2 protein chains.
Amino acid sequence: MGAEAQRRRTRQLACVLEAVRASGNEHPSADRIFARVRAVVPTISLGTVYRNLHRLAADGRIGIVHLGERLARFDPTPGGHDHFVCEQCGHIEDLPATPLDVEAGAARQAGHEVTGHALVLYGRCRTCGTETP
Amino acid sequence: MGAEAQRRRTRQLACVLEAVRASGNEHPSADRIFARVRAVVPTISLGTVYRNLHRLAADGRIGIVHLGERLARFDPTPGGHDHFVCEQCGHIEDLPATPLDVEAGAARQAGHEVTGHALVLYGRCRTCGTETP
DNA sequence: CTCGGTGCAAAGGGTTTGCATACAT
DNA sequence: ATGTATGCAAACCCTTTGCACCGAG
């Protein structure tokens, strides 16, 4: 990652990055980013949002997360970390990356070289956990 | 899972299940299932394949797997288990499910109740590992 | 001036769905 | 006879892309 220097610094690129960075742990879809950037740069198009999101991800400045839905979500934290999803309220939370050694045991025993992973945990978050469904 | 008894036993449902079961560790897409079932039931439609795949999954007879691509893959093994994906040759392999306790530590420390997970490991498989890219 | 970025709009791929019909029960 | 499952085709959703113009360098 990081051919970043050769990119032109456009208003659109900066605003997309800013929108992702301001999103906390919401993990917004491209759609949501589009809506928010549009409030600042009303002429921006969805295509440009997608292109800039992919550029930022390729440069390692943001992360792309797949949580088993059809759409991609975007994450201000680029590094490989895990996610928790509350099945009741939809809350998504970043978790520190589980060390590969902990998980890769079976794959390594099978003779595979493991270089990365994606882990999503499902359950009930702190807030929903004590309530009755 | 398991309202299965109230389903009508149609040729299409049986063939879709059979196609998934015969797929080994290929983890075929709906498309591939469609092509194969069509060789046996030439009139079947893609819509019917999708509907039956979802029924089978709802009944716990097959599994649905998301590997970070946009399409869903289908797995004859329904239980919660992990997957290894070779980034060089695309080989997909089932792995025994990692015990939740191993992974859920951080989420539990944050006060969340973890009930399930999806884990995909990426790397180079046994076959590709010894070769130079 | 150059060439990468933008906006628009159309195409793309995977998946879902409405409807009339067929068929398992 | 009843009502679910099917086939067809259109709609859907998210995402990507071709093209002419714009603007950062």
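Bear in mind that the values here come from a model prediction, so they are computed numbers and not experimental data.

## So, the domain arrangement of chain A
Buried accessible area, meaning the area lost when the parts come together, often serves as the stated size of an interface. Residue and element names in this part refer to chain A. Structurally, chain A comprises domain 1 (3–75) and domain 2 (81–130). Taking only C-alpha atoms into account, the centre of domain 1 sits 24 Å from that of domain 2. Tallying the contact residues gives 8 residues for domain 1 and 9 residues for domain 2. Carbon and sulfur atoms make up 59% of the area that domain 1 and domain 2 hide from each other, which totals about 580 Å². Counting the surface domain 1 buries against domain 2, the share from its top three residues, Asn25, His27 and Leu67, is 69%. One can count 0 salt bridges joining domain 1 with domain 2.

## With respect to the relation of the copies chain B and chain A
Put simply, the second copy of the chain is the first one after a rotation about an axis and a shift along it. Overlaying chain B with chain A gives an RMSD of 0.1 Å, the required rotation being 180° about an axis along which the chain moves by 0.0 Å. Overall, the copies show the geometry of a two-fold rotation axis. Nearest to the rotation axis, the C-alpha of B:Leu119 is located 2.3 Å from it, this being the minimum over chain B. Residue by residue, 100% of the interface of chain B is reproduced at the interface of chain A, so both copies engage with the same surface.

## Here's the deal with the protein's contact with DNA strand C
Taken together, 23 residues are adjacent to DNA strand C, and A:Arg8, A:Thr10, B:Tyr50, B:His54 and B:Ala72 come closest. The contact atoms of DNA strand C, taken as those within 4 Å of the protein, divide so that sugar and phosphate hold 61%. In this structure, A:Thr43 approaches DNA strand C through a side-chain N or O atom, which is 3.0 Å from a phosphate oxygen. Residue A:Arg55 places a side-chain N or O atom 2.8 Å away from a phosphate oxygen belonging to DNA strand C.

## A closer look at the interface of chain B and chain A
On the side of chain A, 31 residues touch chain B, which itself brings 31 residues to the contact. Between chain B and chain A, a total of about 2,500 Å² is buried, with carbon and sulfur atoms accounting for 59% of that surface. Applying the counting rule to chain B against chain A returns 14 residue pairs in polar contact (both at pLDDT 80 or more). Listed by contribution, the elements that provide at least two residues to the side of chain B that touches chain A are β4 (92–95), α4 (100–103), α5 (105–109) and β5 (113–124) of chain B. The greatest single-element share of the side of chain B that touches chain A, amounting to 12 residues, is contributed by β5(B). Tallied by class, residues from the side of chain B that touches chain A come to 16 nonpolar, 9 polar and 6 charged.

## What to know about the protein's contact with DNA strand D
Taken together, 24 residues are adjacent to DNA strand D, and A:Arg8, A:Tyr50, A:His54, A:Ala72 and B:Arg8 come closest. Among all atoms of DNA strand D positioned within 4 Å of the protein, those belonging to sugar or phosphate total 64%. At 3.0 Å from a phosphate oxygen of DNA strand D is found a side-chain nitrogen or oxygen belonging to B:Thr43. Taken together, the elements giving at least two residues each to the surface near DNA strand D come down to α3 (46–58) of chain A together with α1 (11–21) and α3 (46–58) of chain B. A per-element tally of the surface near DNA strand D places α3(A) first, with 5 residues. A breakdown of the residues in the surface near DNA strand D according to their chemical character gives 7 nonpolar, 8 polar and 9 charged.

Rules used throughout
- Residues numbered from 1 in each chain as written.
- Chains lettered and ligands numbered in written order.
- Predicted model: local features only at pLDDT ≥ 70, side-chain atom pairs only at ≥ 80, totals over all residues.
- Heavy atoms only, no water.
- Domains from an automatic or database assignment.
- Contact = heavy atoms within 4.5 Å.
- Buried area = accessible area lost by both parts, 1.4 Å probe.
- Salt bridge = Lys/Arg side-chain N within 4 Å of Asp/Glu carboxyl O.
- Least-squares fit on C-alpha atoms with pLDDT ≥ 70 in both.
- Near = heavy atom within 4 Å.
- Polar contact = N/O pair within 3.5 Å; in protein donor to acceptor, adjacent residues only side chain to side chain.
- Helix = DSSP H or I, 4+ residues; strand = E, 2+ residues; numbered from the N terminus.
- Nonpolar A, V, L, I, M, F, W, Y, C, P; charged D, E, K, R; others polar.

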